[in-house]
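Below are the chains, spelled out letter by letter.
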Amino acid sequence: MNLFTIPSPSSLWTTARSRGAFHVAFSFAALWAFVKVLRMLRWRVKTTQLLGPPRTSLVYGVSRDLAISQDSGAIYERWATEYGVAYMIPSVLGGTRVVLCDPRAIAHFYARETWTYVQTPLSLAFLEASVGKGVLWAQGETHRRQRKALTPAFSNGAIRKLTSVFYDSAYKAKGKWDTVLESSKDGDAVIEVQNWMNHISLDTVGIAGFSHDFGSLDGQRASVTEVFDTFGSNKPSAANEIFVLLASVFPIILKIPTERRNLLKKLSITMGQISNELLIRSRREKDVNIGERGQENSVIGLLIKSEGQDTELHMSEEEVMAQMKVLLLAGYETTSTSLTVSLLHNYFCALHPCVDQWALIELSRHPDVQIRLREELLAFGPDPTYDQLKANLPYLDAVVHETLRLHPPVPESTRLAAADDVIPLSEPVRTMSGNMTDSISIAKGTLITIPIGAINRSSTIWGPHAKEFKPDRWLTEDGIGGKAKEVQGHRHLLTFIDGPRTCLGKDFAIMEFKTVLSVLVKNFVFEMRDGPDTPVEVARGLLPRPRVVGEDGTGVPLRIRRYE
């Protein structure tokens, strides 16, 4: 009897290979750990070590607390009061983020965005998977080229010509509401306004951007709206929240074929098919010279033009498709997870229809403001032109900007330092060592967060009534305090961010917002369904949307009646 068995050559080779593979894998893991340690040591030496809140979770730091909070801005503001205008917060798996709440520091940061401060690996991976390598994904010189090619579509001249499109969509919605009210015995009706805002925005973007009417206000169900609604009705689970948090450290996690990943893939494919159909139609019209006059300055006209250029403004077919997907996303709010919205924020944040809903909620909760706005609009007379909307309706302008201040579509943005930097502060902060400093050193690889919602509603910056809806603050010289005037954004707001990546659709968004609001407020009276004191919270669903406290789903039903 053999006391031992002599292994075959093939089994010896298999054993050697397995051990070799193990050693190779171990070596790579050891090298990865060594590099991480070196980077951490360099980061600690090069970055000013600031005070900040303690870690509440060994795995997530304070990131999950912020993600599930009803008001993350209030948390950021509380920490700024406790630790100073710049501080550090513990993040996922031992990471750290630097938070800036100082106007001077934020201005420095935004002035260097897309070069010194760039998209995070998670942002880039998500953008490439969902909309492709367009202007949202691009950085540096590629970003500058793509943005320059698109800019004419959002110029004052282009938007002036689109004002009639905004009015058409608003009056279509008015007509539908009139029909609903005609069938009501009491002369009023409860309407879920958010869905209507989605349809207004999608139809407007379709005509303005693509010279195509999706017809969603007329009840047409296109493939794009069906997949958008499917994506919007898919509620994120607690597991999905954890999934996204871990993906901030390991972006490759996004490639795992989860239900939401498959939905996102379907959304991308559907948007690609629609974009391709629109491009083929527009190219055909251009070739036979039957395209509408001025179409060259529409988004799709400029994209077709850029395809055929050999100049610095040339865009590849992949880039063209990516721009179209972005605009489709921007035109339909329910498509976006809070992550998506924060990525889209760079360019089309305020096309977000949720802003319109917040305006109607605030007017319903403040009847005196609603009456005053309606009086201004009725006293003006006929529908104001583009120039009149910009300059001749001060209270409408105040209501719009107060809504944008209190309810920015995206509460924060995070970027990665691509190079070492020194950020100046307007007031000194205390470091971990106990010293005071009026500037902070930032090492390459540092994550920087700007808490947009916190800055827009900061009592330190906007005064003691910062949390209240007060349009009058925009009408008086002393309404906006000295600290707020230091914020270098549109009208001292960070809603549209600032710098090279400032919202490209800002003027488009504000004009659409004013047009729709003017039509609806002139013709209807809005009330909270359950009275002006109805508590409203921010639902952490697919994106930060308002809902009545204690109710399922999202949205705030409003009671409307005709203004007689």
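Residues numbered from 1 in each chain as written. Predicted model: local features only at pLDDT ≥ 70, side-chain atom pairs only at ≥ 80, totals over all residues. Heavy atoms only, no water.

1. Considerations on the overall build of the protein
Now for step 1: Scanning the protein for helices and strands turns up 22 helices and 12 strands.
Now for step 2: For the protein, the proportion of its 564 residues judged to be buried stands at 52%.
Now for step 3: The contacts of the protein with a sequence gap of at least 6 include a subset with a gap of at least 24, amounting to 74%.
Now for step 4: Element-wise, carbon and sulfur atoms account for 56% of the exposed surface of the protein, whose accessible area totals about 25,000 Å². (Helix = DSSP H or I, 4+ residues; strand = E, 2+ residues; numbered from the N terminus. Buried < 20%, exposed > 50% of the residue type's maximum accessible area, 1.4 Å probe, protein only. Contact = heavy atoms within 4.5 Å. Areas by Shrake-Rupley, 256 points an atom, 1.4 Å probe, with all protein chains shown as cover.)

2. Here we look at the pairing of strand β1 (residues 86–90)
Now for step 1: Of all five residues in β1, five are buried; the element is thus mostly enclosed.
Now for step 2: Residues of β1 alternate between two faces, with Ala86, Met88 and Pro90 on one and Tyr87 and Ile89 on the opposite face, all of them buried.
Now for step 3: Hairpin connection between β1 and strand β2 (residues 96–100): a loop of five residues separates the two successive antiparallel strands, and Leu93 in this loop has a positive phi of roughly 50°. (Pairing = 2+ DSSP bridges.)

3. Examining the sheet that holds strand β3 (residues 117–118)
Now for step 1: Here five strands make up an open sheet; going across it, the order is β1-β2-β8-β5-β3 and the pairing mixed. Two strands in the sheet have a free side with no partner beyond their single neighbour: β1 and β3.
Now for step 2: Strand direction decides the pairing type here: β3 and strand β5 (residues 413–417), joined by two bridges, are antiparallel. Across the sheet, Tyr117 pairs through a bridge with Ala417, a residue of β5.

4. Focus on the side chain of Ser268
Now for step 1: Along the chain, the position of Ser268 falls in helix α11 (residues 259–287).
Now for step 2: For Ser268, the side chain forms a polar contact with the main-chain oxygen of Ser130, separated by 3.1 Å.
Now for step 3: Contact partners of Ser268, with chain neighbours within four places excluded, come to Ala129, Ser130 and Lys325. (Polar contact = N/O pair within 3.5 Å; in protein donor to acceptor, adjacent residues only side chain to side chain.)

5. Some remarks on the packing of aromatic side chains
The relative placement of two aromatic rings is captured by the distance of their centres and the angle of their planes.
Now for step 1: For the coordinates displayed, the defined rule picks out 12 aromatic pairs.
Now for step 2: Arranged with centres 5.2 Å apart and planes meeting at 65°, the rings of Phe109 and Tyr110 form a pair that is edge-to-face. As far as the burial class goes, Phe109 and Tyr110 line up, both buried.
Now for step 3: Taking 4.8 Å as the distance between ring centres and 35° as the angle between the ring planes, the aromatic pair formed by Phe109 and Tyr117 counts as tilted. The exposure classification of Phe109 matches that of Tyr117, with both residues buried.
Now for step 4: Pairwise contacts between aromatic rings join Tyr76, Trp79, Tyr83 and Tyr87 into one cluster.
Now for step 5: Seen from the ring of Trp462, Arg405 lies directly overhead, with NZ or CZ sitting 5.3 Å from the centre. (Phe/Tyr/Trp six-rings, centres within 6.5 Å; stacked < 30°, edge-to-face > 60°. Lys NZ or Arg CZ within 6 Å of the ring centre and 35° of its normal.)

6. Observations concerning the nonpolar core
Now for step 1: Counting residues in hydrophobic clusters, the biggest one holds 139 residues, and the most contacted among them are Trp79, Tyr87, Leu100, Leu373, Ile440, Ile450 and Leu517.
Now for step 2: Once you skip the residues sitting within four places of it in the chain, Leu373 turns out to touch Leu363, Tyr395, Leu396, Val399, Leu517 and Val521. (Core = buried A, V, L, I, M, F, W, Y, C linked by side-chain atoms within 4.5 Å.)

7. Quick notes on the packing of helix α16 (residues 367–380) against helix α22 (residues 506–523)
Now for step 1: Here α16 crosses α22 at 100°, and the two axes come no closer than 9 Å. For the element pair α16 / α22, the angle class is roughly perpendicular. Residue-level inspection shows Gln370, Leu373, Arg374, Leu377 and Leu378 of α16 in contact with α22, the latter providing Leu517, Ser518, Val521 and Lys522.
Now for step 2: For the contact of α16 with α22, the residue count by class is five nonpolar, two polar and two charged. (Axes fitted to C-alpha atoms, helices over the stretch in contact; angles between N-to-C directions. Parallel < 35°, antiparallel > 145°, perpendicular 65-115°, else oblique. Nonpolar A, V, L, I, M, F, W, Y, C, P; charged D, E, K, R; others polar.)

8. Let's talk about the environment of Leu51
Now for step 1: Note that Leu51 resides in the loop between α1 (9–46) and α2 (63–68).
Now for step 2: For the pair formed by Leu51 and Tyr83, sequence separation is 32 residues and the distance between their alpha carbons is 5.9 Å.

9. Describing helix α5 (residues 121–130)
Now for step 1: Residues of α5 that are buried: Leu122, Ser123, Phe126, Leu127 and Ser130. Viewed end-on, α5 has its buried residues packed into an arc of 125°, placing them on one side of the element.
Now for step 2: Just downstream of α5 lies Gly132, where phi reads positive at about 90°. (Arc of directions from axis to C-beta.)

10. Quick notes on the pattern of salt bridges
Now for step 1: Applying the stated criterion across every chain yields a total of 28 salt bridges.
Now for step 2: Among the ionic pairs, Glu402 bridges to Arg405, the shortest N-O distance being 3.0 Å. Of this pair, Glu402 and Arg405 are both found in helix α18 (residues 394–406), three residues apart, which corresponds to roughly one turn of the helix.
Now for step 3: A relative accessible area of 0% places Glu402 in the buried class.
Now for step 4: Arg529 is paired through a salt bridge with Glu551; the nearest N and O atoms lie 2.3 Å apart. Highlighted residues: Arg529 in the loop between β9 (524–528) and β10 (536–540) and Glu551 in the loop between β11 (544–548) and β12 (557–562), separated in sequence by 22 residues. (Salt bridge = Lys/Arg side-chain N within 4 Å of Asp/Glu carboxyl O.)

11. Quick look at the packing of helix α15 (residues 354–365) against α16
Now for step 1: With their axes 5 Å apart at the nearest point, α15 and α16 run at an angle of 110° to one another. Relative to α16, α15 is oriented roughly perpendicular. Contacts from Leu363, Ser364 and Arg365 in α15 reach Pro367, Val369, Gln370 and Leu373 in α16.
Now for step 2: Here the residues of the contact of α15 with α16 are counted per class, giving four nonpolar, two polar and one charged.

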